[in-house]
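Coordinates in review
So you can see what is in the structure, the chains are spelled out below.
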Amino acid sequence: MLLRLNIFTSLMIASAVILVFMNSLVERYGRRVQRVLRLEIREPFVYESFQLERQTDSEKSTIPKKKVFSTPNFSKLKTFLLFIGYPRSGSTLTGSLLDAHPSVIIANEYNLLSKWKNFTDKQKNKYYICNQLWNNSVAETRHQRAVSKKYFFQYYVPGLWQGLYQDPIQVIGDKKCSTTTRALANNKNYYNELKAALKTQIKFIHIIRNPFDNVATMMLRASHNGLRIKVEKEKKKIYNLGELKKQTRIYLNLVDMNVKLRKQYTGQILDVYYGNIIMDAKKSLLRICEFLEIICDNEYLEKASSIVFKNETFTRRYVYWDEHIKRKILDKIENVTFLNGFKFNVS
């Protein structure tokens, strides 16, 4: 009995020692991982292999398994790109296509300017900002840009560079249209501070969709999750006057803000029409590449354009329109240069 008690006591002591040792390891290396994830740095760094494997271990990721590579060298960065515009305008598709370019990194809704006010002085530097956006690009290969993600549209571009890069990185940016528009229109200091931190040129892509389709899609998405897909499949019309008024007001306010920004940043903004991307994706991408001063080879143009759907969707057909709201939008189309030519009727 005494022998059994001594063995049991010894095992308990050994277990306690092992537990203390394991806790110390978790605490030590857990802090190390936390420091890596926060990316509070001022110079380029190299991810450790366990970090990359953790980011790429999903079957849904577009990044090859066990792919280990260093953070891009942002010292040769030529352009910082921001998207301005409106929700549900086609910006997610455009950003995904650009992120597939080997020399371009486009984050999906990192929402830089919304986070900016909470950044410390130490974080307001090129390397911290760029690494945050690159991390987002990598993470998006498991989300919006995943191989098997079942969105209404496909944002995965097979055989290209989403979540990856090829030195030198020439363009990096953030796709978050409406928040960026509001931030810049209401506070010019954001632009000045960002310019000072990045020490590189800043350009903007302004995504424009037919206002009636844009407002209709905003209304459908705001009314009920999944309603957009449901009405498309069942060919039904939705009546929601209150939400239609609200989304129209949001859209028209954003139009006025973007009119202001186009005057303020003349020569730095490229208007990109969603309908043109659908009709001729290669031509639209080539135009964007020329604006960003980067080379688009045939392989990139072919593979990127291959995911673009063949026909534009006219969501205005699935909404009951109040005549007063329709008139307000038509007046805005007539008075705003970049909206001239849009119509309500589908030709």
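None of the values given here were measured: they were computed from a predicted structure.

Rules and cut-offs
- Per-chain numbering applies: the sequence of each chain, read as written, is numbered from 1 onward.
- Local features are withheld for residues below a pLDDT of 70 in this predicted model, meaning they are given only at 70 or higher, and side-chain atom pairs are given and counted only at 80 or more; totals for whole chains, interfaces and linings count all residues.
- Side-chain descriptors were evaluated using all non-hydrogen atoms of the structure, hydrogens and water having been removed beforehand.
- For two strands to be treated as a pair, DSSP must find at least two bridges joining them.
- Numbering of helices and strands starts at the N terminus; helices are DSSP runs of H or I of at least 4 residues and strands are runs of E of at least 2.
- Between N-to-C directions, angles cover 0 to 180 degrees, with each direction set by a line fitted to C-alpha atoms, over the stretch in contact for helices.
- In this analysis, two residues are considered to be in contact whenever any of their non-hydrogen atoms come within 4.5 Å of each other.
- Each residue's exposure class comes from its accessible area (1.4 Å probe, protein chains only) as a fraction of the maximum for that residue type: buried when under 20%, exposed when over 50%, partly exposed otherwise.
- Any pair of nitrogen or oxygen atoms within 3.5 Å is treated as a polar contact; in protein, a donor-acceptor pairing is required on top of that, and neighbouring residues in sequence qualify only through side-chain atoms on both sides.
- Taken from the helix axis, the directions to the C-beta atoms give the arc we talk about.
- Put simply, angles under 35 degrees are roughly parallel, angles over 145 are roughly antiparallel, angles from 65 to 115 are roughly perpendicular, and the rest are oblique.
- Helix crossings are classified by the rotation of the near helix relative to the far one: an anticlockwise turn of less than a right angle makes the crossing left-handed, while a clockwise turn makes it right-handed.
- Note that Gly is not counted as nonpolar here; it falls among the polar residues with everything else outside the nonpolar set of Ala, Val, Leu, Ile, Met, Phe, Trp, Tyr, Cys and Pro and the charged set of Asp, Glu, Lys and Arg.
- Each Phe, Tyr or Trp ring (for Trp, its six-membered ring) is paired with any other whose centre lies within 6.5 Å, and the angle between the two planes then decides the class: stacked below 30 degrees, edge-to-face above 60, tilted in between.
- Look at NZ for Lys and CZ for Arg. If either is within 6 Å of the ring centre and within 35 degrees of the ring normal, a charge sits over the ring.

**As for the sheet that holds strand β4 (residues 201-208)**
Pairing in this open sheet of five strands is parallel, and the strands run β2-β3-β1-β4-β5 from one edge to the other. The open sheet has two free edges, formed respectively by β2 (104-108) and β5 (269-273), since each of these has just one partner strand. Neighbour-to-neighbour, the strand axes of the sheet open up by a mean angle of 20 degrees, direction not taken into account. Pairing between β2 and strand β3 (residues 171-175): five bridges, direction parallel. Each residue of the ladder has a partner; that of Ile106, found in β3, is Gly173. Strand contacts of helix α6 (residues 177-186): β1 (79-84), β3 and β4, with the helix running at about 100 degrees to β1, the strand carrying the most contacts. The strands touched by helix α7 (residues 189-198) are β1 and β4; relative to β4, the strand with the most contacts, the crossing angle is about 130 degrees.

**Examining the side chain of Thr248**
Secondary-structure assignment places Thr248 in helix α10 (residues 241-264). The exposure class of Thr248 is buried, given its relative accessible area of 3%. Only 2.7 Å separates the side chain of Thr248 from the backbone oxygen of Leu244, close enough to count as a polar contact. Contacts of Thr248, omitting those with residues within four sequence positions, involve Val215, Ile325 and Ile329.

**Side note on α7**
Of the positions making up α7, those classed as buried are Tyr190, Tyr191, Leu194, Ala197 and Leu198. Buried residues of α7, seen end-on, are gathered within an arc of 135 degrees and therefore sit on one face of the element. Considering only its buried residues, α7 is in contact with β1, α4 (112-116), α5 (126-140), α6 and β4. Once α7 ends, the next one or two residues include Lys199, with phi positive near 55 degrees.

**Digging into the pairing of β3**
Summarising burial for β3: five of the five residues are buried, a large majority. With burial as the criterion, each face of β3 is covered, one bearing Val171, Gly173 and Lys175 and the other bearing Ile172 and Asp174. Looking at chain direction, β1 and β3 are connected through four bridges and run parallel. From the neighbouring strand, Leu81 faces β3, where its bridge partner is Gly173.

**Considering the packing of helix α8 (residues 211-223) against α10**
One way to put it is that α8 packs onto α10 with a least axis distance of 9 Å and a crossing angle of 125 degrees. The orientation of α8 relative to α10 falls into the category oblique. For the crossing formed where α8 meets α10, the hand is right-handed. Contact residues: Pro211, Asn214, Val215, Met218, Met219, Ala222 and Ser223 in α8; Glu243, Leu244, Gln247, Thr248, Ile250 and Tyr251 in α10. Residue composition of the contact of α8 with α10, grouped by class: eight nonpolar, four polar and one charged.

**Re the packing of aromatic side chains**
Here the structure, examined in full by the defined rule, presents 12 aromatic pairs. Consider the rings of Phe212 and Trp321, whose centres lie 5.3 Å apart with planes at 80 degrees: the pair is edge-to-face. With Phe212 in helix α8 and Trp321 in the loop between α13 (298-305) and α14 (323-335), this pair connects stretches of sequence that are 109 residues apart. Of the two residues examined, Phe212 and Trp321, each falls in the buried class. The structure contains a cluster of three or more aromatic residues connected by ring pairs, namely Trp116, Phe119 and Tyr128. Stacked on the ring of Tyr127, the Lys or Arg Lys126 has its end atom at 5.7 Å from the ring centre.

**Re α6**
Here α6 lies mainly inside the structure; seven of its 10 residues are buried. Every buried residue of α6 is listed here: Cys177, Ser178, Thr180, Thr181, Ala183, Leu184 and Ala185.

**Here we look at the environment of Ile269**
Summarising the element assignment, Ile269 is placed in strand β5. The class for Ile269 is buried, based on a relative accessible area of 16%. As a C-alpha pair, Ile269 and Phe204 span 65 residues in sequence and 4.6 Å in three-dimensional space. For Ile269, the contacting residues outside a window of four places in its chain are Ile84, Phe204, His206, Leu261, Arg262 and Phe291.

Function-wise, these values are silent; they only describe arrangement.
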